[in-house]
Amino acid sequence: MKNRRDFLKTCLAGVGTLASYHAFAQTSELPWSMLDPMPGPTADPWLEVPRILARIVPPVFPKKDFDITKFGAVGNNKIDNTEAIKKAIIECHKAGGGRVVVPAGEFITGAIELQSNVDLHIEKAATIRFTHDTKKYPLVFTRWEGMELMNFSPFIYAFEKENIAITGEGTIDGNSDCTHWWPWKGRTNCGWQKGDPEQTADRNKLFDMAEKGVPVSERIFGEGHLLRPQFIQPYRCKNVLIEGVTLLQSPMWQVHPVLCQNVTVRDLNINCSILGPNTDGCDPESCKDVLIQNVNFNVGDDCIAIKAGRNADGRRVNVPSENIVIQGCHMQNGHGGVTVGSEISGGVRNVFAQDCKMDSPLLDIAIRIKNNAMRGGLLENIFVRNVEVGQVAMAGLSIDFFYEEGEAGKFTPITRNVDIRNVTLNKAQYAIYLRGFKNAPIENIHVSDCEFKGVEKPNVIENVKDLVLSNVTVNGKTL
């Protein structure tokens, strides 16, 4: 197999299956170039935002509707509608595209795989609810905590598709709780007891395979293993729109585009119990040109976490996340509001976050960058402005190289060119918490026109080079 065209011919009947991955594994060609850097420096980096947004254009679909009830779906919260939804999507795709409509009702289903030119549209009184039957999530090529493998299909999945969407005012219910999916994390506060099965052995096995360079086609997990699937994952897709819907009770990471280009995520309500482990709200990973706009987050982990692969596997794939615009979002419960990391070995550049609000005693950190010597990776050009923070549990700004493994690795983490402007905060332990390494200081950090109130502890600033504070006050005192 020499190129992507050969791959598509091989996989036409079922892209994303184990068989199709064996075909794809023969080529390392990406479907498009994702390595072009941002144009040269400008006097004001924010002038780059309109240029990025001009490239982010949501897909448009033919005005044809395919109602899933016409294909046998029944919204009584009892019948399994997996095959009916699949038939509707296939027919929509064959007809040249359009909307697959989920009308009023509660529709139980297994994994849903989107096809090119298909908009899965969930109407206002409609709910898609995912079954607890693990056999309804077939093995597909995916990425789990930054490492490639064959695992349970994400609940809504697409592989190498173009022009796909999930839209509407309805609800997508992951149906996860302290009895289903979440206990696999192994936390005693959510249904798991000592001696019960949990993910540690499988997670360690995957880590070991990735570090040893075991071919991805041989990293087979899924049924009989305990690595939870993601909620929504377009993988190597182009022109993606996720808009309007409410997401509930995800098994783990929720909106997780991987190796995608031209992605719009907007006007969502993402809700998950604080008990839900690893239930990050939106995690673009190794993606280019992404808009996250007007999303409400209330989750059990980071609200937004920008990622780029973990450790050896992240370095092998070696594709950064770049040109990410975040605006008008509201963060409540979670670990970080806007986060970069920690699966970040491929690097991140050109992140712009503005006009957001954050407020919860169960939100740990407003602006969070986490890295270590196992990940490495270059994180640069991260810009934040006009953010209102009520209270957070720990810090307004945190850049921490001591996350998890800390210095226990041989890969130098680099974070540079971070600019924070016009951030207000009413309550936290720390205003600023920066911890670099002696041999790898955090570089070129600018904080300006910021007011931090209700701060309990002095700033932590360790191994930082070129830190500039301009018009910054903490508890009424100018730094």
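This is a predicted model, so every value here is computed, not measured.

Caption draft 1: Layout of the overall build of the protein. For the protein, the count of helices and strands is 6 helices and 33 strands. Viewed in the frame of its principal axes, the protein has a C-alpha envelope of about 65 × 55 × 45 Å. Every one of the 479 residues in the protein was classed for burial, and the buried ones make up 59%. The long-range share in the protein, meaning contacts at least 24 apart out of those at least 6 apart in sequence, stands at 75%. Approximately 18,100 Å² of the protein is accessible, and the part contributed by carbon and sulfur atoms is 49%. Charge-centre separation for the protein: the mean point of 52 positive side chains lies 3 Å from the mean point of 56 negative side chains.

Caption draft 2: Quick look at the sheet that holds strand 13 (residues 232–235). Taken together, the 3 strands give an open sheet; going across it, the order is 5-10-13, and neighbouring strands pair in parallel fashion. Pairing within the sheet leaves two strands with one partner each, and these edge strands are strand 5 (112–113) and strand 13. Pairing of strand 5 with strand 10 (residues 156–159) involves 2 bridges; the strand directions are parallel. Residue pairing in the sheet places Ile112 in a bridge with Ile156 of strand 10.

Caption draft 3: Representation of the pattern of salt bridges. Per the stated rule, a full pass over the model turns up 27 salt bridges. A salt bridge links Asp80 to Lys136, with the shortest nitrogen-to-oxygen separation between them at 2.8 Å. One end of the pair, Asp80, is in strand 2 (residues 76–80); the other, Lys136, is in the loop between strand 7 (126–130) and strand 8 (139–144), with 56 residues separating them in the sequence. Classification of Asp80 by relative accessible area gives partly exposed; the value is 36%. Note on Lys136: relative accessible area 31%, which makes it partly exposed. With a shortest N-O distance of 3.1 Å, Asp208 and Lys212 are connected by a salt bridge. Placement of the pair is Asp208 and Lys212 together in helix 5 (residues 200–212), with a separation of 4 residues, close to one helical turn.

Caption draft 4: Summary view of the state of the cysteines. A full pass over the atoms with the stated rule returns 1 disulfide. Free of any disulfide, Cys303 has its nearest neighbouring cysteine sulfur in Cys329, separated by 9.3 Å. Cys329 takes part in no disulfide bond, and the closest cysteine sulfur, belonging to Cys356, lies 4.8 Å away.

Caption draft 5: Quick peek at a nonpolar patch on the surface. On the surface, a cluster of nonpolar side chains totalling about 220 Å² of accessible area is made up of Ile274, Leu275 and Leu362. Looking at the secondary structure, you find Leu275 in the loop between strand 17 (269–271) and strand 18 (288–293).

Caption draft 6: Layout of unusual backbone geometry. Cis geometry is found at the peptide bond from Gly341 to Ser342, where omega equals 5 degrees. By the element assignment, Ser342 lies in the loop between strand 23 (334–340) and strand 24 (348–358). Positive phi, close to 55 degrees, is recorded for Asn422, a residue that is not glycine. Structurally, Asn422 is set in strand 28 (residues 414–427). On the basis of relative accessible area, Asn422 is assigned to the partly exposed category, the value being 37%.

Caption draft 7: Highlighting the confidence of the model for the protein. Here the protein averages 93 in pLDDT, while 91% of its residues score no lower than 70. With pLDDT under 50 throughout, residues 1–41 is counted as low confidence; its partners more than four residues away or in other chains account for 84 contacts.

Caption draft 8: How the structure looks around the packing of aromatic side chains. Evaluated as defined, the whole model comprises 18 aromatic pairs. Ring plane angle 75 degrees and centroid distance 5.3 Å describe the contact between Phe141 and Phe159, whose orientation is recorded as edge-to-face. With Phe141 in strand 8 and Phe159 in strand 10, this residue pair connects regions lying 18 residues apart in the sequence. Summarising the burial analysis for this pair, Phe141 and Phe159 share the class buried. An aromatic cluster is present here, built from Phe130, Tyr137, Phe152, Phe155, Trp181, Trp184 and Phe231 joined pairwise through their rings.

Caption draft 9: Structural context of the pairing of strand 7. For strand 7, a buried count of 5 out of 5 residues is recorded, marking the element as mostly surrounded by other parts of the structure. The two faces of strand 7 match: Ala126, Ile128 and Phe130 on one face and Thr127 and Arg129 on the other face are all buried. Relative to strand 7, strand 4 (residues 105–109) is paired through 5 bridges, and the arrangement is parallel. Its bridge partner lying in strand 7, Phe107 is registered against Ile128. In terms of strand pairing, strand 7 meets strand 12 (residues 171–173) through 3 bridges, oriented parallel. Each residue of the ladder has a partner; that of Ile128, found in strand 12, is Ile172.

About the criteria used
- Residues numbered from 1 in each chain as written.
- Predicted model: local features only at pLDDT ≥ 70, side-chain atom pairs only at ≥ 80, totals over all residues.
- Heavy atoms only, no water.
- Helix = DSSP H or I, 4+ residues; strand = E, 2+ residues; numbered from the N terminus.
- Buried < 20%, exposed > 50% of the residue type's maximum accessible area, 1.4 Å probe, protein only.
- Contact = heavy atoms within 4.5 Å.
- Areas by Shrake-Rupley, 256 points an atom, 1.4 Å probe, with all protein chains shown as cover.
- Lys, Arg positive; Asp, Glu negative; His and termini not counted.
- Charge placed at Lys NZ, Arg CZ, Asp CG, Glu CD.
- Pairing = 2+ DSSP bridges.
- Salt bridge = Lys/Arg side-chain N within 4 Å of Asp/Glu carboxyl O.
- Disulfide = S-S within 2.5 Å.
- Patch = residues over 30% accessible without salt bridge, like charges linked within 9 Å, V, L, I, M, F, W, Y side chains within 5 Å.
- pLDDT = per-residue confidence, 0-100.
- Phe/Tyr/Trp six-rings, centres within 6.5 Å; stacked < 30°, edge-to-face > 60°.

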